[in-house]
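Tertiary structure, described
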Amino acid sequence: MSTEQIRTVVPGPHRWIYRPAPRANARLRLFCFPYAGGSPTLFRSWVDAIPADVDIMAVRLPGRDNRIKEPAYREWPALLAAIEDSLRELLTGHFVLFGHSMGAAVAYELARQLSAKGRPLPAHLLLAGCRAPHVPRYIPAIHHLPDEKFYAGLRDISGTPPEVLADKRFMTLLEPTLRADIKLAETWSGAAGQPLGIPITAFAGVDDAIAPPDRMPEWAHYTEKRFAAHTLPGEHFFIRTSEGALLSQIRAVLESC
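Residues numbered from 1 in each chain as written. Predicted model: local features only at pLDDT ≥ 70, side-chain atom pairs only at ≥ 80, totals over all residues. Heavy atoms only, no water.

So, the packing of aromatic side chains
- Evaluated as defined, the whole model comprises 12 aromatic pairs.
- Put simply, the rings of Trp76, Tyr108, Trp188, Trp219 and Tyr222 touch in pairs and so form one group of aromatic residues.
- Arg67 extends its terminal NZ or CZ atom over the ring of Trp16, reaching a point 4.3 Å from the ring centre.
- Its end group placed over the ring of Phe150, Arg179 keeps NZ or CZ at 4.2 Å from the ring centre. (Phe/Tyr/Trp six-rings, centres within 6.5 Å; stacked < 30°, edge-to-face > 60°. Lys NZ or Arg CZ within 6 Å of the ring centre and 35° of its normal.)

Digging into unusual backbone geometry
- Even without being glycine, Asp65 reaches a positive phi, approximately 55°.
- Structurally, the position occupied by Asp65 is in the loop between strand E3 (54-59) and helix H2 (76-87).
- The backbone phi angle of Ser101 is positive, close to 55°, even though this residue is not glycine.
- By secondary structure assignment, the location of Ser101 is in the loop between strand E4 (95-100) and helix H3 (102-116).
- Take Ser101: its relative accessible area is 16%, and that puts it in the buried class. (Helix = DSSP H or I, 4+ residues; strand = E, 2+ residues; numbered from the N terminus. Buried < 20%, exposed > 50% of the residue type's maximum accessible area, 1.4 Å probe, protein only.)

A few points about the pairing of E3
- In terms of burial, E3 is a largely internal element, 6 of the 6 residues being buried.
- Side chains Val54, Ile56 and Ala58 of E3 all project onto a buried face; the interleaved residues Asp55, Met57 and Val59 project onto the opposite face, where all are buried too.
- Relative to E3, strand E2 (residues 28-33) is paired through 5 bridges, and the arrangement is parallel. When the bridges of E3 are listed, Arg29 appears paired with Asp55. (Pairing = 2+ DSSP bridges.)

Some thoughts on empty space enclosed by the protein
- Scanning all chains against the criterion turns up 1 cavity of 30 Å³ or more.
- Volume-wise, the largest cavity comes out at about 30 Å³.
- Lining the largest cavity are Pro20, Ala21, Arg23, Val47, Ile50, Val54, Asp55 and Ile56.
- Split by residue class, the lining of the largest cavity holds 6 nonpolar, no polar and 2 charged. (1 Å grid on protein atoms, 1.4 Å probe; cavity = no way out; pocket = protein on both sides within 12 Å on 5 of 7 lines; lining within 4 Å. Points joined across faces, edges and corners; volume = space filled by probe spheres on them. Nonpolar A, V, L, I, M, F, W, Y, C, P; charged D, E, K, R; others polar.)

In structure tokens, the structure reads:
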């Protein structure tokens, strides 16, 4: 039996959610899933840019921040089961899912799982820097490579700051999580199947080589509701370099939900 199969999932959102500015009376919850290896603190700066009646609930997966000693999930079924079980009390009422890169794949798969089980669905699905499941990868896989080649791959996609890659002690802690997350992203595939009954908005960086903007319209096959695609300045991590432009688009969506 694998580690993924025997892992005990502790219900409850306390370890899974980072709320940079809790809004108890919010009309809408915005669940945010960061990119591979990313921390939910990435979304701290979003607080003042979104509507005041929206509560940001950034999802903290195992293997990072105060969960650094917990092994990161390496298989999709176990990860999705853990998220659904742990956030069950929060995935109700009026909510929206956002994710970037690997986080977008998690957001989509969670919405698909909720739909299949007849659970409450998000009011909108916001997907950034992520190819549709049926679209093949544009760059070679790196999750299985030896350390030096793995680090070189991380440098190539500019996802890990050079100072972090140079910190051997920190990388010893972070590397297993990065490999696990990137494995999830690189082994993810599928087909449109039954379209979701929720609107989807996709975002891409104009120079993104991982999730090219000309392939974003293919996400339209995954919804029977409204679909929109927006191209923003930047490469794969436009979520950082074009944060203002991205948040302007997200705010407009949230205000319409």
